[in-house]
Amino acid sequence: MANPDSRIRPQDSLVLFADLQEGIVELSQTLPPDRLKRGVLALAKLAKLLGMPVVVSGIRGEDGAPAKMVPEIGEGVGDFPIYHRTTCDSFLNEDIVAEIEATGRKTILISGVATELAVQLPALTASDLGYRVYVVLDACGGVTERSEQAALLRMSKAGATMVSVITLAGELAGDFRETKAQEAIEILYEMANP
């Protein structure tokens, strides 16, 4: 019998976007920034379409200026607050944890740069806290292939699962005869054909 917990359900899921901001996205060497941004946009649109809450975290600039997130997040979900943190792990920020807990959801889809830091560390902590963690690979970027691979292996060993926006759209959309499913497929088409 199949494990009923192996499926992702939008009503139990939220999206954590970490460090997808100008000056950091450009550090991605494992996924070109333009492809990364297309993946982020598609994930943001899916979140809005399927009613999944979004939590956006970033780091202030050296001058203390607020993080300037890539516009694809807002284009996908509309207005959103930015939770600024002073560590690589979003789960070490009380406001972020409170926002995640307030949703009552136990499945976290993580997107960000760098996979080795802003994705890996909250994925490990969330797994330790009992959350189901999915790392959305085509909406993440690593600093080097080798260091990203090490991060992915460590997260996987801790219980996180790797997934793609393509898989999420197909899995979460449901019956292709429904309007939402057709809209999810359109999001994929836009991602693949910019």
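Shown above is the structure to which this text applies.
Cut-offs applied
- Residues numbered from 1 in each chain as written.
- Predicted model: local features only at pLDDT ≥ 70, side-chain atom pairs only at ≥ 80, totals over all residues.
- Heavy atoms only, no water.
- Helix = DSSP H or I, 4+ residues; strand = E, 2+ residues; numbered from the N terminus.
- Contact = heavy atoms within 4.5 Å.
- Phe/Tyr/Trp six-rings, centres within 6.5 Å; stacked < 30°, edge-to-face > 60°.
- Lys NZ or Arg CZ within 6 Å of the ring centre and 35° of its normal.
- Buried < 20%, exposed > 50% of the residue type's maximum accessible area, 1.4 Å probe, protein only.
- Expected span 1.5 Å × (residues − 1).

## Thoughts on the environment of G76
Position of G76 among the secondary structure elements: in helix 2 (residues 71–77). For the pair G76 and L49, spaced 27 residues apart in the sequence, the C-alpha separation amounts to 9.2 Å. The residues contacting G76, other than those within four sequence positions of it, are L41, A44, K45 and K48.

## So, the packing of aromatic side chains
A ring pair, where both rings are aromatic, is described by two values, the distance of the centres and the angle of the planes. Within this structure, the stated rule accounts for one aromatic pair. Note that K106 overlies the ring of Y131, its terminal NZ or CZ placed 4.7 Å from the centroid.

## Here's the deal with the side chain of S90
Tracing the sequence through the fold places S90 in the loop between strand 3 (82–84) and helix 3 (94–103). Note on S90: relative accessible area 0%, which makes it buried. Look past the residues within four positions of S90 in its chain and what remains in contact with it is L16, A18, S57, R85, I96, V97 and P122.

## Some points on helix 1 (residues 33–50)
Relative to the 26 Å expected for 18 residues at 1.5 Å per residue, helix 1 spans 25 Å between its end C-alpha atoms, a close match to the ideal helical length. Those residues of helix 1 that fall on the buried side of the exposure criterion are L36, G39, V40, L41, A42, L43, A44, L46, A47, L49 and L50. Directly beyond the C-terminal end of helix 1, a positive phi value near 70 degrees is found at G51.

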